[in-house]
Amino acid sequence: LANGFARKLWGFCLEKKKRSGKKGMPKISLPHNFSPRDYQLPVMRAIDEGCKRAEICWNRRSGKDKTCLNIVAKEMQKRVGAYYYLLPEQRHGRKVVWDGMDSDGFRLIEHFPKELLDGEPNTTEMKLRYKNGSLFQVGGSDSFNSLMSTNPVMVVFGDYSLHSPYCWTYLRPILNQNNGIAI
């Protein structure tokens, strides 16, 4: 029930219609390879309906990172821009997001459909780009000064309580100016 319910309420489909005998693109659904649990749907719906700030207070192992990555993947297709996923330290970002896997061995970064990617992801810099120009990058608030002169439209703060408080102070005015999203 939750899977079908989520697809109807939150699903997003990209499909090129067939014209005069030409083959269309394969159907791509966002979220990609993700069936949200019932308690994950409200935050996904809130962002979809225009909420710009969200706070997720779920227990450990409840799928916060999977949920947020799927929100980011969808938002990247809707609005071209820079999207950052920050953890307290850059090395945590590599472990949790870039190299992270779920209990079935599915890599978290694979929630970004290959069909939407513009080339191969840059493993060294932990970033990938969509064909529409959107950029996703994993980083750490320990080096948030590396974000100077960037213009993000969305930032996810994983394990927020462990972040440098200066990071939000720096990014908040940028997101306000851009009508951006913070989770």
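Note that the structure is predicted; figures quoted are calculated from it, not measured. Going along each chain's sequence as written, the residues are numbered from 1 onward. Since the coordinates come from a predicted model, pLDDT governs what is reported: local features require at least 70, and pairs of side-chain atoms require 80 or more to be given and counted, while whole-chain, interface and lining totals use all residues. Computation of side-chain values covers all heavy atoms of the structure but excludes hydrogens and water.

Visitor: Give a detailed account of the sheet that holds strand 7 (residues 181-182), specifying residues and quantitative values.
Guide: Whether two strands pair depends on DSSP finding at least two bridges between them. Only runs of H or I of at least four residues qualify as helices and only runs of E of at least two qualify as strands under DSSP, and these elements are numbered from the N terminus. Strands sit in the order 4-5-3-6-7 across an open sheet of 5 strands; the sheet is mixed. With one partner strand each, in any of the chains shown, strand 4 (127-129) and strand 7 form the two edges of the open sheet. Inspection of the sheet shows strand 3 (residues 82-87) paired to strand 5 (residues 135-140) by 6 bridges, in the parallel sense. Within strand 5, the position partnered with Leu87 by the bridge is Gly140. On the sheet, helix 3 (residues 64-78) packs against strand 3, strand 4, strand 5, strand 6 (152-157) and strand 7 and is oriented at approximately 165° with respect to strand 3. Contact definition: two residues touch when any of their heavy atoms are within 4.5 Å. To define axes, lines are fitted to C-alpha atoms, for helices over the stretch in contact only, and angles between the resulting N-to-C directions are given on a 0 to 180 degree scale.

Visitor: Explain unusual backbone geometry to me, using residue names and the numbers behind them.
Guide: Of note, the amide linkage connecting Leu30 to Pro31 takes the cis form, showing an omega dihedral of 5°. For Pro31, the position within the fold is in the loop between strand 2 (28-30) and helix 2 (41-48). Residues other than glycine seldom take positive phi values, yet Met126 does so here, at roughly 50°. Locating Met126 in the fold gives a position in the loop between helix 4 (90-98) and strand 4. The exposure class assigned to Met126 is buried, which follows from its relative accessible area of 1%. The buried label applies to any residue whose accessible area, calculated with a 1.4 Å probe on protein chains only, is under 20% of its type's maximum; exposed applies above 50%, and partly exposed to all values in between.

Visitor: Explain the nonpolar core residue by residue, including any values.
Guide: For our purposes a nonpolar core is just a set of buried Ala, Val, Leu, Ile, Met, Phe, Trp, Tyr and Cys residues, chained together by side-chain atoms within 4.5 Å. Of all hydrophobic cores here, the largest spans 34 residues; its most connected members are Phe112, Phe136 and Ile183. Within the residue set of this core, elements represented by two or more residues are strand 2, helix 2, helix 3, strand 3, helix 4, strand 5 and strand 6. For this core, the leading source of residues is helix 3, giving 6 residues. In this structure, Phe112 is in contact with His32, Leu69, Val72, Ala73, Met76, Leu117, Leu128, Tyr130 and Phe136, ignoring residues within four places of it in sequence. Within the second largest apolar cluster, 13 residues are counted, among which are Ala82, Val155, Leu171 and Ile174.

Visitor: Tell me about helix 2, and please be specific about residues and values.
Guide: All of the buried residues along helix 2 are Leu41, Val43, Met44 and Ile47. Buried residues along helix 2 cover an arc of 170° about the axis, so they all sit on one side. Looking at the residues trailing helix 2, positive phi occurs at Gly50, about 110°. Taken from the helix axis, the directions to the C-beta atoms give the arc we talk about.

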